[in-house]
Amino acid sequence: MIRSIIKCLLFSWMIVIAFHSSLFAQKRPKPRIIISTDIGGTDPDDNQSMIHLMMYSDLFQIEGLISSPFGKGRKKDLLDMIDLYEKDFPKLKKYNSKLMKPDALRAVCKQGETESAPYLGYRKSSEGSDWIIKCAKKKSNQPLWVLVWGGLEDLAQALHDAPEIKSKIRVFWIGGPNKKWSINAYSYIVEHHPNLWMIESNATYRGWFMEDENAPANMHDAAYYENFIKSRGIMGADFINYYKGYIKMGDTPSLAFLMKGNANNPSNESWGGTYTPITHSSRHIFERNTTKADSFPAYGVVEWRFKGPNISIPADSSCFSLEIQKQEWPGYYLGNGVYGVRYSSKKPEVSSYIIHSKIKELDGQKGEYTSTAPWPGKPNKDDYKLGKHWYGDLPNPEYFLDGQQGAKTISKHRKAYLSDWAKRWEWLK
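Since the structure is predicted, the reported quantities are computational estimates derived from the model, not experimental observations.

Engineer: Help me understand helix α3 (residues 75-95), please; the structure alone is not making it clear to me.
Structural biologist: Residue pairs spaced three or four apart in an α-helix point in one direction, given the helix's 3.6 residues per turn. Here α3 spans 29 Å end to end across 21 residues, near enough to the 30 Å set by a 1.5 Å rise per residue. Roughly 55° is the biggest bend found in α3, and it falls at F89, with proline P90 one to four residues downstream. Looking only at α3, the buried set comprises L78, M81, I82, L84, Y85, D88, F89 and L92.

Engineer: Is there a simple way to think about the environment of P216 in this case?
Structural biologist: Position of P216 relative to the elements: it lies in the loop between β6 (198-201) and α9 (223-229). Residue classification places P216 among the buried positions, given a relative accessible area of 15%. Distance in space between the C-alpha atoms of P216 and R414 is 8.4 Å, their sequence separation being 198 residues.

Engineer: What is the right way to read unusual backbone geometry from this model?
Structural biologist: A cis amide bond, omega 5°, links A373 with the succeeding residue P374. Here P374 is to be found in the loop between β16 (366-372) and β17 (384-385). Between W375 and P376 the backbone carries a cis peptide bond, its omega angle lying at 5°. For P376, the location among the structural elements is in the loop between β16 and β17. A positive phi angle is found at K244, which is not glycine, with a value near 55°.

Engineer: Explain helix α13 (residues 414-425) to me, please; I cannot follow it from the model alone.
Structural biologist: Spanning twelve residues, α13 covers 16 Å between terminal C-alpha atoms, matching the ideal 16 Å at 1.5 Å per step. Among the residues of α13, those classed as buried are R414, Y417, L418, W421, A422, R424 and W425. Projected onto a plane normal to the axis of α13, the buried residues spread over an arc of 155° and lie on a single side. Opposite the buried face of α13, at more than 90 degrees from it, the exposed residues are K415 and K423.

Engineer: Any chance you could explain the pattern of salt bridges here in plain terms?
Structural biologist: Where side chains of opposite charge bring their charged atoms close, a pairing between them can arise. Throughout the structure, instances matching the rule amount to 20 salt bridges. Residue R305 pairs with E303 through a salt bridge whose shortest N-O separation is 3.0 Å. Where K381 meets D382, a salt bridge forms, and the shortest distance between an N and an O atom there is 3.2 Å. Given a relative accessible area of 11%, D382 falls into the buried group.

Engineer: Looking at this model, I keep getting lost on the packing of helix α2 (residues 45-55) against α13. Mind explaining?
Structural biologist: It is the contact of α2 with α13, at a shortest axis distance of 11 Å, that shows an interaxial angle of 70°. As far as their axial angle goes, α13 and α2 are roughly perpendicular. Residues I51, H52 and M55 of α2 pack against W421, R424 and W425 of α13. Each residue belonging to the contact of α2 with α13 can be placed in one class, and the counts come to four nonpolar, one polar and one charged.

Engineer: Please clarify how the sheet that holds strand β18 (residues 390-393) should be interpreted in this entry.
Structural biologist: Strand pairing in a sheet relies on backbone hydrogen bonds, with the paired strands running either antiparallel or parallel. Sheet architecture is open: eight strands sit in the order β3-β2-β1-β4-β5-β6-β18-β7, paired in mixed fashion. Edge strands, defined here as strands with exactly one partner in the open sheet, are β3 (109-111) and β7 (275-277). Between one strand axis and the next, the sheet turns by 20° as a mean value, whatever way the strands run. Bridge count between β7 and β18: three bridges; the pairing is antiparallel. Across the sheet, T276 pairs through a bridge with G392, a residue of β18.

Engineer: How do you make sense of the side chain of D154 when you look at a structure like this?
Structural biologist: For D154, the location among the structural elements is in helix α6 (residues 153-161). With no salt bridge to any partner, buried D154 finds its closest opposite charge in K124, at an N-O distance of 9.1 Å. At a separation of 2.7 Å, a polar atom in the side chain of D154 contacts the side chain of S68. Dropping the residues within four chain positions of it, D154 is found in contact with I66, S67, S68, G112, E113, S126, G128, S129 and I132.

Definitions and cut-offs
Residues numbered from 1 in each chain as written. Predicted model: local features only at pLDDT ≥ 70, side-chain atom pairs only at ≥ 80, totals over all residues. Heavy atoms only, no water. Helix = DSSP H or I, 4+ residues; strand = E, 2+ residues; numbered from the N terminus. Expected span 1.5 Å × (residues − 1). Bend = angle between axes of the 7 residues up to and from the residue. Buried < 20%, exposed > 50% of the residue type's maximum accessible area, 1.4 Å probe, protein only. Arc of directions from axis to C-beta. Salt bridge = Lys/Arg side-chain N within 4 Å of Asp/Glu carboxyl O. Axes fitted to C-alpha atoms, helices over the stretch in contact; angles between N-to-C directions. Parallel < 35°, antiparallel > 145°, perpendicular 65-115°, else oblique. Contact = heavy atoms within 4.5 Å. Nonpolar A, V, L, I, M, F, W, Y, C, P; charged D, E, K, R; others polar. Pairing = 2+ DSSP bridges. Lys, Arg positive; Asp, Glu negative; His and termini not counted. Polar contact = N/O pair within 3.5 Å; in protein donor to acceptor, adjacent residues only side chain to side chain.

Have a look at this one:
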């Protein structure tokens, strides 16, 4: 009799706990997000990520979709993807009525800055930067997540124009190659807003598309497209146009971080990776040409400064370029006969550079360098000092995947997140 009573009480408590857990899950607010993307630029992985975002739009309050550099992408590229989504929407909404309507997505598309920031780190306000400020200032009990898939120009401009929004936003930035092209905007943010809540994913994000030893065969390389996307709706037909259907989507980890995991603690596991608090962001300043013996962490900021003539040119106008691996970065006159240019390598490498300029004292100067892992490396006197909520890739060797720092913290979840997405593709079969 007593055992029966105890069993009944335990069963009752389990029901109560389950009820309250269910109630809590229902009341959990959808994350507020703005996405800044270089869709339509040099890398079509943003098109893949945009399809993924729209198919999961029921999980978020999407407050902004901003077209940002680098490359020739524009707001129209966002609208073109929404047009595809609209054609599939009748089928999708039969399975999930909470997906955002195409017109609601169009209403929050904004044009951001179309040029990379000069040495100063910001240029002028744009529709995109103004929209970040407007959304950040809304009354809300939760932060606004700014997920940056490309350059930081619009975010840097917003922080410059309205620094008070810093306490109201959280940033997840896919850095790496984007850091190379957005180096001046990054330098402005990290120097003037070190207390920003920021996840800087320079290499971890690569675990989304890099396969480790446990990668399932039916999702390997092009197999995922063949098995789960092909012949599924208009978006499925379009998907083959990006990397021939191979899963890239290097920006999607910023979204996945909010889908599965504890967004308040980046040190926990999540589909978007695991990150660690960092106290400094690597910077090295050289007032001379460098050699292979000069090393600095990959993803860090390196700045070369050269002596030259005193000249009179408009502030923040480029007067020379730094060429590395057939790509060029603009250099600037800093005043008092000093010229400067910033760079960030997207991976560990040994490489060389050469200066091009109409100024004879600069033209033809050359050098070499070595960039190393892990980032941000040992502290040095030139580093940017950071606040309590800046997070970076895990430096532990066991989390490297094919040389990419922290990538295994995402690749380990590959089967789970791709299987989840496959269920949604079934809605379009």
